[in-house]
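For reference, the chains in residue letters:
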Amino acid sequence: MNLIIFGPPGAGKGTQAGILESKHGLKQLSTGDMLRGEISSDSDLGKKVKDILARGDLVSDDIMIDMISNRIDQDDCAKGFILDGFPRTVAQANALDEMLSKKGKQIDHVILLSVDETALLERIRMRIKQSGQDARADDNEETLKNRLEVYREQTAPVLPYYEEKELIYEIDGMQEIDLVSEEIENLLSR
Ligand code: ADP
């Protein structure tokens, strides 16, 4: 089974994807983590994207599509995968479908974690405080506002695309972590 976990920054996508990975053996593919890995290893790609991430802007569609296409081909994705942070633009969503159909695969569900924006800002502020020196370079007040704006302008328009395909399952992401997981389990056992 192949899933997309969708929602604004701070919605809890990574947390739920991690739980799904351990419970169901689906591979969590976080494009944010992959890009941060490239930056910390100081690869050519890392050098190219470092400033983009620090600003909270989006890396180009071509780079992201290539990255995901190569990743999905690896053995650890054979049982299925959870896309966390991809697709983030309509162009990425289109490219994903085309790429999957060539590989004989498909997306089974899109899990949408819906959140209240005020509470969301509070959540991310907490994450910044708790992580102290280890805070992500893009977890700061200014970048956060930009990330939310980028989400509204470029990523939210992906939703109608999956609505049309009747793939969206919406969950209130402001609930406790366990309750969100429970709802995801309900969906998967249907
Ligand atoms: P968030 O907490 O905002 O969900 P992520 O860890 O998913 O953050 O992503 C961090 C950053 O990595 C984004 O702000 C963006 O710069 C870059 N990025 C991640 N995924 C993509 C993507 N699919 N397309 C373009 N840029 C991406």
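Since the model is a prediction, treat every value here as computed from it, not as a measurement.

Brief notes about the overall build of the chain
Logical step 1: In terms of helices and strands, the chain carries nine helices and five strands.
Logical step 2: Helices and strands in the chain line up, N terminus first, as β-α-β-α-α-α-β-α-β-α-α-α-β-α.
Logical step 3: Against the 2.2 N^0.38 benchmark of 16 Å for 190 residues, the chain shows a C-alpha radius of gyration of 16 Å, consistent with a compact globule.
Logical step 4: With respect to the three principal axes, the spread of C-alpha positions in the chain is 40 × 40 × 30 Å.
Logical step 5: Evaluated residue by residue, the chain yields a buried proportion of 45% over its 190 residues.
Logical step 6: Relative to all contacts within the chain whose residues are 6 or more apart in sequence, the contacts with residues 24 or more apart total 75%.
Logical step 7: Averaging the coordinates of the 24 positive side-chain charges in the chain and doing the same for the 37 negative ones gives two points 3 Å apart.

So, the sheet that holds strand S3 (residues 81–84)
Logical step 1: Spatial ordering of the open sheet is given by S2-S3-S1-S4-S5, a layout of five strands whose pairing is parallel. Edge positions in the sheet fall to strand S2 (27–30) and strand S5 (168–172), since each of these pairs with one other strand and no more. Within the sheet, the average angular offset between the axes of one strand and its neighbour, ignoring direction, is 20°.
Logical step 2: Summarising the sheet, strand S1 (residues 3–6) and strand S4 (residues 109–114) pair through four bridges and their orientation is parallel. Of the residues in S4, the one forming a bridge with isoleucine 5 is isoleucine 111.
Logical step 3: On the sheet, helix H1 (residues 13–24) packs against S1, S2, S3 and S4 and is oriented at approximately 170° with respect to S3.

Let's talk about the nonpolar core
Nonpolar side chains in soluble globular proteins generally cluster together in the buried interior.
Logical step 1: Counting 33 residues, the largest nonpolar core has Leu83, Leu96, Ile107 and Tyr162 as its most contacted members.
Logical step 2: For this core, the secondary structure elements donating two or more residues are S1, helix H2 (31–40), helix H3 (44–55), helix H4 (61–72), S3, helix H5 (90–102), S4 and helix H8 (159–164).
Logical step 3: Looking at this core, the element that brings in the most residues is H4, giving six residues.
Logical step 4: Beyond its immediate chain neighbours, meaning those up to four positions away, leucine 96 contacts Ile4, Ile68, Leu83, Phe86, Pro87, Ile107 and Tyr162.
Logical step 5: The next biggest cluster of nonpolar side chains, apart from the first, holds 15 residues, and it includes Leu20, Leu26, Ile82 and Leu113.

Remarks on H2
Logical step 1: Three or more residues of H2 are buried, namely Thr31, Gly32, Met34 and Leu35. For H2, the angular spread of the buried residues around the axis is 165°, confining them to a single face.
Logical step 2: Residues of H2 that are buried in the fold lie against S2, H3, H4 and S3.
Logical step 3: Of the residues one or two after H2, aspartate 42 is the one with positive phi, at around 55°.

Structural notes on the site of the ligand
Logical step 1: In the region of the ligand, 19 residues are neighbours, and Thr31, Arg36, Asp57, Gly85 and Gln92 sit closest.
Logical step 2: In the environment of the ligand, an oxygen atom lies 3.2 Å from a nitrogen or oxygen atom belonging to the side chain of lysine 13.
Logical step 3: For the ligand, a nitrogen atom lies 3.1 Å from a polar atom in the side chain of arginine 88.
Logical step 4: Top element by residues in the shell around the ligand is H2. It accounts for four residues.

As for the packing of H2 against H4
Logical step 1: Where H2 contacts H4, the two axes come as close as 11 Å, and the packing angle between them is 100°. Here H2 is positioned roughly perpendicular relative to H4, judged by the angle of their axes. Residues Thr31, Met34, Leu35 and Glu38 of H2 pack against Met64, Met67, Ile68 and Arg71 of H4.
Logical step 2: Partitioned by chemical class, the residues of the contact of H2 with H4 number five nonpolar, one polar and two charged.

Cut-offs applied
Residues numbered from 1 in each chain as written. Predicted model: local features only at pLDDT ≥ 70, side-chain atom pairs only at ≥ 80, totals over all residues. Heavy atoms only, no water. Helix = DSSP H or I, 4+ residues; strand = E, 2+ residues; numbered from the N terminus. Rg over C-alpha atoms; globule rule 2.2 N^0.38 Å. Buried < 20%, exposed > 50% of the residue type's maximum accessible area, 1.4 Å probe, protein only. Contact = heavy atoms within 4.5 Å. Lys, Arg positive; Asp, Glu negative; His and termini not counted. Charge placed at Lys NZ, Arg CZ, Asp CG, Glu CD. Pairing = 2+ DSSP bridges. Axes fitted to C-alpha atoms, helices over the stretch in contact; angles between N-to-C directions. Core = buried A, V, L, I, M, F, W, Y, C linked by side-chain atoms within 4.5 Å. Arc of directions from axis to C-beta. Near = heavy atom within 4 Å. Polar contact = N/O pair within 3.5 Å; in protein donor to acceptor, adjacent residues only side chain to side chain. Parallel < 35°, antiparallel > 145°, perpendicular 65-115°, else oblique. Nonpolar A, V, L, I, M, F, W, Y, C, P; charged D, E, K, R; others polar.

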